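Inside the fold
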Amino acid sequence: MSTPASLAPFQNEDYLSLESQRKTGMAVATPVWFAEQDGVIYVYSEAASAKVKRIRNNPRVRIAPCTYRGRLRGEWVAATAQIVEGAEEELAHRLLDRKYWLKRLGNWYHRFRGYQRTVIVIRAE
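First, a word on what this report is: a plain description of the structure on this page. (Residues numbered from 1 in each chain as written. Predicted model: local features only at pLDDT ≥ 70, side-chain atom pairs only at ≥ 80, totals over all residues. Heavy atoms only, no water.)

1. Examining unusual backbone geometry
- Here the phi dihedral of Asn-12 falls at roughly 65°; this positive angle occurs in a residue that is not glycine.
- Mapped onto the elements, Asn-12 comes out in the segment before β1 (15-21).
- What makes Asn-12 exposed here is its relative accessible area of 82%.
- In this structure, Asp-38 takes a positive phi of about 55° despite not being glycine.
- Here Asp-38 is to be found in the loop between β3 (35-37) and β4 (40-46).
- Judged by its relative accessible area of 35%, Asp-38 is partly exposed. (Helix = DSSP H or I, 4+ residues; strand = E, 2+ residues; numbered from the N terminus. Buried < 20%, exposed > 50% of the residue type's maximum accessible area, 1.4 Å probe, protein only.)

2. Quick word on the sheet that holds β4
- Strand order in the open sheet formed by seven strands is β2-β1-β5-β6-β7-β4-β3, and the pairing between neighbours is antiparallel. With partners counted over all chains shown, the strands left at the sheet margins are β2 (27-33) and β3, one partner each. Neighbour-to-neighbour, the strand axes of the sheet open up by a mean angle of 35°, direction not taken into account.
- Of the strand pairs in this sheet, strand β6 (residues 77-84) and strand β7 (residues 117-124) are connected by six bridges, and their pairing is antiparallel. When the bridges of β7 are listed, Ile-83 appears paired with Ile-120.
- Together, β1, β2, β4, β5 (60-66), β6 and β7 form the strand contacts of helix α1 (residues 50-57), whose direction differs from that of β1 by roughly 55°. (Pairing = 2+ DSSP bridges. Axes fitted to C-alpha atoms, helices over the stretch in contact; angles between N-to-C directions. Contact = heavy atoms within 4.5 Å.)

3. Digging into the layout of surface pockets
- In this model, the largest pocket occupies a volume close to 170 Å³.
- For the lining of the largest pocket, the secondary structure elements donating two or more residues are β2 and β4.
- Take the lining of the largest pocket: its biggest share by element is four residues, from β2.
- Along the lines of polarity and charge, the residues of the lining of the largest pocket split into five nonpolar, three polar and two charged. (1 Å grid on protein atoms, 1.4 Å probe; cavity = no way out; pocket = protein on both sides within 12 Å on 5 of 7 lines; lining within 4 Å. Points joined across faces, edges and corners; volume = space filled by probe spheres on them. Nonpolar A, V, L, I, M, F, W, Y, C, P; charged D, E, K, R; others polar.)

Following this line, the structure appears as structure tokens:
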């Protein structure tokens, strides 16, 4: 499979801004590492993070390429986010480990500290 045209702006980028909605409707954007394969974007976060809670409440999100500080480098793309486990979660961690060497160091830290992580799958609409 190939990358859909809507995801072309994300090629060769290290960060994307993930915008999710609070229950009040207020949008919150967060820069995150991501990996893409076959038109599916994978990100991870601490399981107890606010972005994971927001996505559980409302899977409609927007994504845009950005800098590590969150400055947008492209247009917003409407998408749907889903929390995944099992084989898809393992695939996501392998893809992210391959792309970001610092994540491999973070894997050790998260295990040492006992933090739980969650994988979020994002599909552009």
